[in-house]
Structure formats: structure tokens, C-alpha cells
2 protein chains.
Amino acid sequence: MGNEEKIATIIRDWTRAIENRDREGILAKHADDLLMIDFPNTVHGIAAYAKTWDFFDQSRRGEVVFRPSNLKVTAGDHVAFAHCDIHCEGTTAGPIDLRLTTGLVKRGGEWIVTHEHHSMPTENETLIGPDVRG
Amino acid sequence: MGNEEKIATIIRDWTRAIENRDREGILAKHADDLLMIDFPNTVHGIAAYAKTWDFFDQSRRGEVVFRPSNLKVTAGDHVAFAHCDIHCEGTTAGPIDLRLTTGLVKRGGEWIVTHEHHSMPTENETLIGPDVRG
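Here the structure is a predicted model, which means the values were calculated and not measured.

Once that is clear, we can look at the nonpolar core. Ile7, Trp14 and Phe66 of chain A together with Ile7, Trp14 and Phe66 of chain B are the most contacted members of the largest nonpolar core, which has 72 residues in total. Residue contacts for isoleucine 7 of chain A: discarding those within four places in its chain leaves Val73, Ala75, Ala80, Ala82, Leu104 and Trp111 of chain A.

Moving on, we come to helix 1 (residues 3-19) of chain B. Residue and element names in this part refer to chain B. In a regular helix each residue adds 1.5 Å, so 17 residues correspond to 24 Å; helix 1 covers 25 Å between its end C-alpha atoms and thus fits that length. All buried positions along helix 1 are accounted for by Asn3, Ile7, Ala8, Ile10, Ile11, Trp14, Thr15, Ala17 and Ile18. Just beyond helix 1, the residue with positive phi is arginine 21, at close to 55°.

Here we come to the sheet that holds strand 4 (residues 79-91) of chain B. Residue and element names in this part refer to chain B. The mixed open sheet is built from six strands, whose spatial order is 2-1-6-5-4-3. Edge positions in the sheet fall to strand 2 (42-44) and strand 3 (60-75), since each has one partner strand and no second. Here the strands of the sheet are splayed against their neighbours by 25° on average, with no regard to which way each runs. In this structure, strand 4 lies alongside strand 5 (residues 96-107), joined through ten bridges in antiparallel fashion. For histidine 83, the partnering residue across the bridge sits in strand 5 and is threonine 101.

Moving on, we get to the confidence of the model for chain A. All names here are of chain A. For chain A, per-residue confidence averages 92 on the pLDDT scale, and 91% of positions sit at 70 or higher. Confidence drops under pLDDT 50 across residues 124-134; counting only partners more than four residues distant or on other chains, this segment forms 26 contacts. Model confidence for the complex is summarised by a pTM of 0.91, with the ipTM given as 0.90.

Residues and elements named next belong to chain A. For strand 1 (residues 30-37), the tally of buried residues reaches six of eight residues, placing the bulk of the element in the interior. Pairing between strand 1 and strand 6 (residues 110-119): four bridges, direction parallel. Along strand 6, the bridge assignment pairs isoleucine 37 with histidine 117. Across three bridges, the pairing between strand 1 and strand 2 (residues 42-44) is antiparallel. Each bridged residue has a counterpart across the sheet, and for methionine 36 the counterpart in strand 2 is valine 43. In this antiparallel pair of consecutive strands, strand 1 and strand 2, the connection spans four residues.

Turning next to the sheet that holds strand 3 (residues 60-75) of chain A. Residue and element names in this part refer to chain A. If you trace the six strands from one edge of the open sheet to the other, you get 2-1-6-5-4-3, paired in mixed fashion. Looking at the sheet topology across the chains shown, the edges are occupied by strand 2 and strand 3. Averaged over all pairs of adjacent strands, the angle between strand axes in this sheet comes to 25°, irrespective of strand direction. The sheet contacts of helix 1 (residues 3-19) involve strand 1, strand 3, strand 4 (79-91), strand 5 (96-107) and strand 6, and relative to strand 3 the element is tilted by about 170°. Here helix 3 (residues 46-58) sits on the sheet and contacts strand 1, strand 2, strand 3, strand 4 and strand 6; the angle it forms with strand 1, its principal contact strand, is near 60°.

Further remarks concern the packing of aromatic side chains. All names here are of chain A. The final tally for this structure, using the stated rule, is twelve aromatic pairs over all chains. Measuring from centroid to centroid gives 6.1 Å for tryptophan 14 and tryptophan 53, while their planes differ by 85°, and the two rings are edge-to-face. Highlighted residues: tryptophan 14 in helix 1 and tryptophan 53 in helix 3, separated in sequence by 39 residues. Of the residues examined, tryptophan 14 reaches a relative accessible area of 4% and is grouped as buried. On the accessibility criterion, tryptophan 53 (4% relative accessible area) is buried. Ring geometry for tryptophan 53 versus phenylalanine 56: centroids 5.1 Å apart, planes at 65°, classification edge-to-face. Of the two residues, tryptophan 53 and phenylalanine 56 both sit in helix 3, three residues apart, roughly one turn of that helix. We note that tryptophan 53, like phenylalanine 56, is buried.

Residue and element names in this part refer to chain A. Here asparagine 3 is to be found in helix 1. Linking asparagine 3 and threonine 102, residues 99 residues apart in sequence, is a C-alpha distance of 14 Å. Among all residues touching asparagine 3, those that are not within four sequence positions of it are Ala75, Gly76, Asp77, Lys106 and Trp111.

All right, on to the pattern of salt bridges then. Scanning the model with the defined rule gives 14 salt bridges over all chains in all. One salt bridge in this structure joins glutamate 110 of chain A and lysine 29 of chain A, with 3.8 Å as the shortest N-O distance. With glutamate 110 of chain A in strand 6 and lysine 29 of chain A in the loop between helix 2 (23-27) and strand 1, the pair connects residues that are 81 residues apart, well separated along the chain. A salt bridge links aspartate 57 of chain B to arginine 21 of chain B, with the nearest nitrogen and oxygen atoms 3.9 Å apart. Linking aspartate 57 of chain B in helix 3 (residues 46-58) with arginine 21 of chain B in the loop between helix 1 and helix 2 (23-27), this pair joins segments that are 36 residues apart in sequence. Connected through salt bridges with shared partners, the residues Arg21, Arg23, Asp54, Asp57 and Arg60 of chain A form a single ionic network.

About the cut-offs
- Residues numbered from 1 in each chain as written.
- Chains lettered and ligands numbered in written order.
- Predicted model: local features only at pLDDT ≥ 70, side-chain atom pairs only at ≥ 80, totals over all residues.
- Heavy atoms only, no water.
- Core = buried A, V, L, I, M, F, W, Y, C linked by side-chain atoms within 4.5 Å.
- Buried < 20%, exposed > 50% of the residue type's maximum accessible area, 1.4 Å probe, protein only.
- Contact = heavy atoms within 4.5 Å.
- Helix = DSSP H or I, 4+ residues; strand = E, 2+ residues; numbered from the N terminus.
- Expected span 1.5 Å × (residues − 1).
- Pairing = 2+ DSSP bridges.
- Axes fitted to C-alpha atoms, helices over the stretch in contact; angles between N-to-C directions.
- pLDDT = per-residue confidence, 0-100.
- Phe/Tyr/Trp six-rings, centres within 6.5 Å; stacked < 30°, edge-to-face > 60°.
- Salt bridge = Lys/Arg side-chain N within 4 Å of Asp/Glu carboxyl O.

This is how it looks when you write it as C-alpha cells:
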């Protein structure tokens, strides 16, 4: 399996673990020192990262869908990044579409996630005044 | 100059070009086929990316500050990613703090940006109901 395919598998397995409320699977490929840019703020380290999934679990309302699309992986021998869109349903937030960028490094021969950037698209008004957006 | 330092310089030069309204400098190290996750939506290719800076220029109200902090670069020989926070002032949006993740590849011996993910922190309420956030 090439590096791109290995990383795509890591990301797909992670989304499936989220759907299945499988905390061990969610954390399996994440570095102790990871930096996660979450919706509301930035989170350092695996303990703080795990805590964001406590919040997520508390927001579950029935079956959760966490489905990646447009996954694109760019991998070197030891550093890689990936992007995908994710459709999420089944939480108190209702159906949402989010954007994910993941940064990975190879440590001890295994790819692990050291960076995750999750975001939601903003309203146009948030960036610049409605007067300048057509 | 090592890869990390080269990439840090690319990102700092880019922020300075934004402050100086130097479009050539803004686009100098960006790939024709880049994918940018902008606040409101996702943008493909350098022409669409340039257009987002047209919007930004129209939103300028005096001197613009676009100041990176907490810059961290993770670089291999041919693939790298970087993260920083950016404080922006001087647009119709008022002072804002945004988060940036950049993905780069080495092509023809030069590092270029193929991926940019810009986001704003959301309100807690946007992600999950206030009932579950402490």
C-alpha cells in the first residue's frame, strides 16, 4: 500500500470510528503532541483532543453520520497533508458540512496525525461587509 | 537555509505582501492548481484564489495589519505543512483573529503552496447546543 492510500485509510477509519463511538479508534493514529484547530478554539495535546470528543458524544442525538468526500492526500516519504469535506448528521447541531485539513508525519515507520484543522464555512458577512460581496 | 526556514519565510513574505497590497507577492509562491478553503467556501485554482484577494482589497479601510504568530512548520524533503494564527485589522470586518493551515510541495526545487485552509473560530452554539458545553 502506498503512502497516499495508507493515509486515506487512516482518515476513513477515523470517520468510521466517530460514527461508531469508538474512542480508541478515534485516537488510534493521533500524536500525543497534536495541535487541533477546532471550530471554537485551538486544542493542544491528545488529552485535550479526547475531551473535544466527550463534547461531541454529549451532542449525539441518535445515529451519527460523519461522511468524508473529496478526499485528497499529498504525501512525501515522511510528511503528508490531506483535505476532505465532511458531512455530519445526528448531533444537536443538526446536519452540518465541515472542512478538514490533516497533517501527518511518519514516526517509527507509522503515519500519525500531528495536526487537524476543522472549520465551518462562515456567512459572507462575517469576513467582509455585505457591501463588497456581489 | 533548511526547509522549515524556507517555508517560514514564504509564509511571512506572503503576509507582508497582503499588508502591502502587493498582488504579485501574494501569488508568487502559489500553485496554479491550489485548493483554498476560504471562510465562506472552497476555491479551486489560482484565478479563483486571486479573486478572493480582490474581495479583500475592496474591504480595506486604511492600513491593513495581517500578522502571523505561533508559526509552526513541519517539513519533509518534498511535502510540508504549516500552521499559524493571524491577527487581521484594517478591513470592514474589523479586527479578527483567524487560523491558517498551509500545505506545500517542492516542485522543480522550489516550495510552493498547493493548499490553504483559512478559518474563523465559531461560537460554541454553532457546533453543539449550549446545553452540552460547560
